[in-house]
Amino acid sequence: MNIIAIVGGGGFIGTNLSEFLLSHGMKVKAIGSSFFRNFEDENYQQITLDVNILNELLDSLRDCSTVIWLVNATVPGSNASLAEEFMLNTQPVIRFLEQSSRSIQMKKFIYLSSGGTVYGDVAQRIPIPEETSEYPISTYGLSKLITENYVDFLTRISGFESYILRPANVYGPYQNLNKPQGIIGFAFRAVKENGLLDLYNGGKVIRDFVYVDDLSDAILKCITQIKHPGAVTKYNVGSGEARSIKEIVDEISRIAKKPISLNEKLSRNFDCAYNVLSIDKIHRETGWKPTTKLTDGLLKVEQWINRID
């Protein structure tokens, strides 16, 4: 059986992805510095290590045919400098891919980029296709785009194929509520702790939200799709639906049956006014489409929070 490696397998997306792939009969090796949970499954292996220690990472991946790279040391809106972003997030990918063709039997590499930050501000308020020119307005988005370019180059000169996924705002169980990952995590923490929620520009910015199991299904489609060595494929992964931040906050308040106290703030310079992704390409080429409605996904997050309390 092919072994699927998840580098960054202990985080929010990695935990959900591991569970999803195991439920589909995949053999999973999760690599990370810490983990939310362990899975009692004969097809699951958990390895704790620092992914920056290249020789240890390569040793752990020698028997893996597919490597999914999720690990990222910063989050959108962080204040990391360009040099820090490159050192923390881009350089480890370059070092790994440069050595992988000589050290391991990897046939497929899947890199999780960012649909929410690589495009920057767009002129028209219509879902953004992959061929749109990229003009990131944050160091996070620029770092993701630079890494994409390295992945593209190193794939074309090596013997594996790559998929670059650009997800919208991902949400679901195992989100870190102590260091929230996006507005949904912030809003649920405000509900849980009776705290204030910072709301920028009246919550008018428009975003696209995708449930983590739908993202996991898109990754599974890439695992099972076969192209050819040197091929690089880019896919947006989102809902294709426009939602304002205020709509999201109001929906969470309704689900929680509790008002959320808002701390109104001016807009931030790294916030795009509109970001909704076109998902036509991935649907056309793989048949993938999201199946989780926003309200259903938010209810699942609330149920998970209630279980861990």
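Residues numbered from 1 in each chain as written. Predicted model: local features only at pLDDT ≥ 70, side-chain atom pairs only at ≥ 80, totals over all residues. Heavy atoms only, no water.

Engineer: Quick question: what am I supposed to make of the sheet that holds strand S5 (residues 108-112) here?
Structural biologist: Whenever strands of a sheet pair, they do so through backbone hydrogen bonds, lying parallel or antiparallel. With respect to topology, 7 strands assemble into an open sheet ordered S3-S2-S1-S4-S5-S6-S11, the strand pairing being parallel. Edge positions in the sheet fall to strand S3 (44-48) and strand S11 (232-237), since each has one partner strand and no second. Each neighbouring strand pair of the sheet contributes to a mean axis angle of 15°, computed without reference to strand direction. Here strand S6 (residues 161-167) runs beside S11; their pairing, made up of 6 bridges, is parallel. Bridged to Ser162 within S11 is Val232. Running over the sheet, helix H4 (residues 139-156) touches S5, S6 and S11 and is turned about 165° from S6. (Pairing = 2+ DSSP bridges. Helix = DSSP H or I, 4+ residues; strand = E, 2+ residues; numbered from the N terminus. Axes fitted to C-alpha atoms, helices over the stretch in contact; angles between N-to-C directions. Contact = heavy atoms within 4.5 Å.)

Engineer: Would you mind going over the pairing of S6 with me for this structure?
Structural biologist: Moving residue by residue along a regular strand, the side chains alternate between the two faces of the sheet. Here S6 lies mainly inside the structure; 7 of its 7 residues are buried. Side chains Glu161, Tyr163, Leu165 and Pro167 project from S6 onto one buried face, and the interleaved Ser162, Ile164 and Arg166 project onto a second face that is buried too. Note that S5 and S6 share 5 bridges and pair parallel. From the neighbouring strand, Phe109 faces S6, where its bridge partner is Ser162. (Buried < 20%, exposed > 50% of the residue type's maximum accessible area, 1.4 Å probe, protein only.)

Engineer: Mind showing me how you'd approach helix H7 (residues 245-256) here?
Structural biologist: Given 3.6 residues to a turn, an α-helix orients residues that are three or four positions apart in the same direction. For H7, spanning 12 residues, the distance from its first C-alpha to its last is 17 Å, which sits close to the expected 16 Å at 1.5 Å a residue. Within H7, the full set of buried residues consists of Ile245, Ile248, Val249, Glu251, Ile252, Ser253, Ile255 and Ala256. Positive phi appears at Lys257, one or two residues downstream of H7, with a value of about 55°. (Expected span 1.5 Å × (residues − 1).)

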